[in-house]
Amino acid sequence: MTTSALPSNALYTIARIRQIEQAAMSHLPPGSLMQRAGAAAAREVRDICRRAGRRVDVLLLAGSGNNGGDALEAAAVLRRGGMRVRVLLHGDPARQPRDAAAAHARALAAGVEIHPFSDWQAQLERPCNLVVDGLFGIGLQRPLTGEIAEAVQTINEIGAARLPVLALDVPSGIDADTGTVVGGAVAVRASHTITFIGDKPGLHTADGCDHAGEVRVAGLDIASGLPPPDGMLNHPGLFAACLRPRARNTHKGSFGDVVLLGGASGMAGAVVLAARAALHAGAGRTYAAFIGPVPVYDDAHPELMCRAAHEIDLARKVVVAGPGMGSGEAARAALTAALKSPMPAVFDADALNLLASDRSLMQALADRGNLQQPSLLTPHPLEAARLLGMKVAEVQSDRLAAARALAESANAVVILKGAGSIIAAPDRPFVINPTGNPALATGGTGDVLAGLCGALLAQGWPAHEAALGAAWMHGHAADELVRKGVGPIGLTASELIPALRLCLNQLVAERSVRP
Ligand SMILES: NC(=O)C1=CN([C@@H]2O[C@H](COP(=O)(O)OP(=O)(O)OC[C@H]3O[C@@H](n4cnc5c(N)ncnc54)[C@H](O)[C@@H]3O)[C@@H](O)[C@H]2O)[C@@H](O)CC1
Ligand SMILES: [K+]
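Residues numbered from 1 in each chain as written. Chains lettered and ligands numbered in written order. Predicted model: local features only at pLDDT ≥ 70, side-chain atom pairs only at ≥ 80, totals over all residues. Heavy atoms only, no water.

J.: Now, about the overall build of the chain: what can you tell me, with residues and values included?
T.: Within the chain, the secondary structure is distributed over 17 helices and 19 strands. Taking 2.2 N^0.38 as the reference for a compact globule, 515 residues should give roughly 24 Å; the C-alpha atoms of the chain span a radius of gyration of 26 Å, in line with that estimate. Across its three principal directions, the C-alpha atoms of the chain cover 80 × 50 × 45 Å. The burial tally for the chain puts 56% of its 515 residues in the buried class. Long-range contacts, defined here as pairs at least 24 residues apart, represent 73% of the contacts in the chain between residues at least 6 apart. Summed over its atoms, the accessible surface of the chain is roughly 21300 Å², and 52% of this surface lies on carbon and sulfur atoms. (Helix = DSSP H or I, 4+ residues; strand = E, 2+ residues; numbered from the N terminus. Rg over C-alpha atoms; globule rule 2.2 N^0.38 Å. Buried < 20%, exposed > 50% of the residue type's maximum accessible area, 1.4 Å probe, protein only. Contact = heavy atoms within 4.5 Å. Areas by Shrake-Rupley, 256 points an atom, 1.4 Å probe, with all protein chains shown as cover.)

Laid out in structure tokens, this is it:
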């Protein structure tokens, strides 16, 4: 049985998992997959208890469908191994699906204590060392309500007081495709999730990030193998081809020019941050072009060349348009010039707002893609909502769909920022970025990301790889800083910049180690 220690990189939608499940079940004895899922869950239970130094004493919550069947199978396995297990069973056993009913019978035969769900308060008051959530998996159809919602609320309170909670397949209440809490009601906040057959996007974006905890995949030995995934979790392997060591016979012209275009009056800091990020991420020459007053130079980084936006020559330079750009006529003129550039370009912040306000600019953006002039967009959910003409809640209700729709309409690579950033591009599987943390929820980190994207493009990375690399490194740098105690509270965007440089150099060094 395969249980990968790391989250698998491949992501599958609910529809695809159903197809795989059906195909596998057609040539397996009844109940095989559920028995494998139950055995994998039981192993995970033992593993979590062992790591926590606690004996196995588990309360399993089983729903009325097959997710509940997985919990009942796990309970039977654990009980047969002599461990302490109790089950709270929801719904009418007479209406269980066939495999779940068989699992129920096996649990009874093994001597598992099974209580009706109406006993949930009394059962949750009895001490245990782990709670298993087998209420709902990919069959969740509506918000959690009534006694289930109350019990989940209570489990979340107990879990927050450090009782491990293991979700089977998906934390109940979370939509496995979108990562949202269904109906905005309540969902299990698990410390661990063991997900079956393949990993699911909803465990890695939106509310899923705060509800799934540590995710493991139990492949259930699907003998026919898995189809190509619907999406991927971001990983340096996806941009490894770009992590090349520098040749010695090179010069600053070898690593490209990048111009950061923005800095309206009062917002010069945004363009300076983006420019410093580009500088530290290895651009050969970095220009900061200001719509507002032009500083003589950046005294922390005199390497940067400061120019007026209306005077800068964009020829042969990668442009990053938007940081602190404002929305006036000068900003519009600068953006129009950037859109005409034959070079790869990044559009962020105010550039995105200007694009959203003017169809002709949006058309010019889409035309760039047709002319093989790569564009990379880095919207946060509000900017994405403006570009798509929808409400921010609609974007967040299906971040994958929103990112893909924007990539299609803009004919561009998109990084939709937020918990579990989505990287989407026309005709490519979506990618969800697993790195990053709430330390990044502070002003200026988006400017740093845009500058990083520009530097990678200037060094010749294709736009898709630049987006993958920038998103991964940006998050990883923040994770490393938090690990050292620099954040999550009070991390500054400036502190992120040297951490990014370290991350990029380490990745290149790791790639270039020869056996
Ligand atoms: N069929 C199989 O052999 C396998 C199934 N697997 C498990 O089966 C799960 C899917 O099973 P199901 O399709 O039975 O779906 P679930 O077990 O996720 O839930 C479905 C049941 O819950 C009800 N329901 C949905 N939302 C509800 C709500 N908010 N409140 C109350 N009732 C609600 C539905 O009407 C249905 O009866 C997977 O997530 C996975 O855990 C795995 O064991 C792999 C093998
Ligand atoms: K579950």
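J.: So what's going on with the sheet that holds strand E16 (residues 375-377)? Residues and values would help.
T.: An order of E2-E10-E19-E18-E17-E16-E15-E14-E11-E12-E13 is seen for the eleven strands of this open sheet, with the pairing classed as mixed. Both outer strands of the open sheet, strand E2 (10-11) and strand E13 (305-308), are each paired with one neighbouring strand and no more. Pairing analysis gives two bridges linking strand E18 (residues 422-424) to strand E19 (residues 430-432), with the strands arranged antiparallel. Looking at the pairing, Ile423 lines up with Val431 of E19. Contacting strand E11 (257-262) and strand E12 (285-290), helix H8 (residues 268-280) crosses the sheet at an angle of about 170° to E12. (Pairing = 2+ DSSP bridges. Axes fitted to C-alpha atoms, helices over the stretch in contact; angles between N-to-C directions.)

J.: Got a sec to walk through the UniProt feature "domain: YjeF C-terminal" (unreviewed entry) in the chain? Specific residues and values, please.
T.: Following the UniProt record, the feature "domain: YjeF C-terminal" (unreviewed entry) maps to residues 235-507 here. Helix makes up 45% of residues 235-507 and strand 14%, whereas the separation of the span's terminal C-alpha atoms amounts to 11 Å. (UniProt positions renumbered as here; feature names shortened; annotations may be inferred.)

J.: Lay out the site of ligand 1 in plain terms, naming residues and giving numbers.
T.: Near ligand 1 lie 23 residues; those nearest to it are Asn67, Asp70, Gly137, Arg142 and Asp169. One nitrogen or oxygen atom from the side chain of Asp169 is found 2.5 Å from an oxygen atom belonging to ligand 1. Look at ligand 1: alone it shows 870 Å² of surface, and the protein chains cover 86% of it. Those elements that provide at least two residues to the shell around ligand 1 are helix H1 (14-25), helix H2 (32-51) and helix H3 (66-80). (Near = heavy atom within 4 Å. Polar contact = N/O pair within 3.5 Å; in protein donor to acceptor, adjacent residues only side chain to side chain.)

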